[in-house]
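Structural description and commentary
Each chain, written out:
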Amino acid sequence: MAFNKDSVGGTLIAAFIICLVCGIVVSTAAVSLRPMQEENRVLDRQTNILVAAGLYREGINVPEAFAEVERQYVELGTATLVEASEVPDDYDQRTPSESTRLSDEEDIASVRNLPKWGEVYLVRDEQDNIETIVLPVQGYGLWSTMYGFLSLEGDANTIAGLVFYDHGETPGLGAEIENKNWQALWEGKKLLSDNGDLNFEVIKGNVDDRTPNKDNKVDGLSGATLTSKGVSNMVRFWVGDKAYGPYLKSIRESGN
Ligand SMILES: Cc1cc2nc3c(=O)[nH]c(=O)nc-3n(C[C@H](O)[C@H](O)[C@H](O)COP(=O)(O)O)c2cc1C
């Protein structure tokens, strides 16, 4: 029997063949692009860490510059360093395979599950002293979880910078967390008050000379008080006792 391409059967067969060919093309593209996507993801992360550490310059070779950065793993909530070999190869702090559920009272940054291990990136000077500590941070703003890196000077107290690489806050309002002028206000601010207690806050309004403990405070974003509060809680959580606090304390005490 001759094949009639204009029959219903012919149309269905033609549609099936087109779907099959398209499906093969799309899945081949998805599979073959996966390594490239993974490479870009790693490059992007390395770039953000270099930016947070103040080491990024336009046109630099990112993997080469990143090779100078030391990575450590710390058991969060403790000062215990963990060998990289003890952490699963595909461990991702954003979606950790091992974590503990935080109580509402503890969870001021709406993290929900505290990862077992936290990454730390260190930049050391020629004498091997810690120059910069970069910590991955995340916390809920108004609409979204904001992901970034907080960097501290070697004293584990002075803020060197804060960058965000992923969030869903409103452009022009909460998304101003990406504004370089606002981020510049963070440089030199202190986490601790003179008695050593955690005392950092993003306030509503502006910090001026009359603001008490002005060195511990950063201006809130106008029209974005809720995002600002989220950023404040995010920093307080990650440098606090539940997360990197004990590790930072050990650096303050030992200088290493
Ligand atoms: C469409 C829309 C988007 C908003 N986006 C944000 C936001 O991303 N972050 C934020 O803190 N507030 C945002 N707000 C404002 C909040 O609802 C709230 O009014 C504000 O945080 C209060 O800040 P203020 O006291 O500085 O005015 C948005 C409001 C509207 C109407």
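Predicted model, so just to flag it, every value in this text is computed and none were measured.

1. What to know about the sheet that holds strand β2 (residues 81-82)
The strand order across the open sheet formed by 6 strands is β2-β1-β5-β6-β7-β8, and the pairing between neighbours is antiparallel. A single partner strand is all that each edge strand has here, and the edge strands are β2 and β8 (159-166). Note that strand β1 (residues 70-75) and β2 share 2 bridges and pair antiparallel. Following the sheet pairing, Tyr-73 is matched in β2 by Val-82. Packed onto the sheet, helix α1 (residues 8-52) meets β5 (117-124), β6 (130-140), β7 (145-153) and β8 and runs at close to 155° relative to β8.

2. Section: helix α4 (residues 225-238)
Spanning 14 residues, α4 covers 20 Å between terminal C-alpha atoms, matching the ideal 20 Å at 1.5 Å per step. Of all 14 residues that make up α4, 12 are buried, and the element is covered over most of its length. When α4 is considered as a whole, its buried residues turn out to be Thr-227, Ser-228, Lys-229, Gly-230, Val-231, Ser-232, Asn-233, Met-234, Val-235, Arg-236, Phe-237 and Trp-238. Close packing links the buried residues of α4 with β6, β7 and β9 (201-202).

3. Some thoughts on the site of the ligand
Surveying the vicinity of the ligand reveals the residues Leu-142, Trp-143, Glu-169, Thr-170, Leu-173, Gly-174, Ser-222, Gly-223, Ala-224, Thr-225, Leu-226 and Thr-227. Each residue belonging to the shell around the ligand can be placed in one class, and the counts come to 5 nonpolar, 6 polar and 1 charged.

4. Brief notes about the domain arrangement of the protein chain
Where interface size is quoted, it is often the accessible area lost as the parts come together. Under the domain assignment used here, the protein chain contains domain 1 (1-68) and domain 2 (69-254). Each of domain 1 and domain 2 has a C-alpha centre, and the two are 33 Å apart. Of the residues lining the interface, 9 residues belong to domain 1; the matching set on domain 2 comes to 11 residues. Looking at the side of domain 1 that touches domain 2, the element that brings in the most residues is α1, giving 4 residues. Its residues assigned to classes, the side of domain 1 that touches domain 2 comprises 6 nonpolar, 2 polar and 1 charged.

Here is what the cut-offs are and how they apply
- Residues numbered from 1 in each chain as written.
- Predicted model: local features only at pLDDT ≥ 70, side-chain atom pairs only at ≥ 80, totals over all residues.
- Pairing = 2+ DSSP bridges.
- Helix = DSSP H or I, 4+ residues; strand = E, 2+ residues; numbered from the N terminus.
- Contact = placed C-beta atoms within 7 Å.
- Axes fitted to C-alpha atoms, helices over the stretch in contact; angles between N-to-C directions.
- Expected span 1.5 Å × (residues − 1).
- Buried ≥ 20, exposed ≤ 12 C-beta atoms within 10 Å, placed from the backbone.
- Near = placed C-beta within 6 Å.
- Nonpolar A, V, L, I, M, F, W, Y, C, P; charged D, E, K, R; others polar.
- Domains from an automatic or database assignment.

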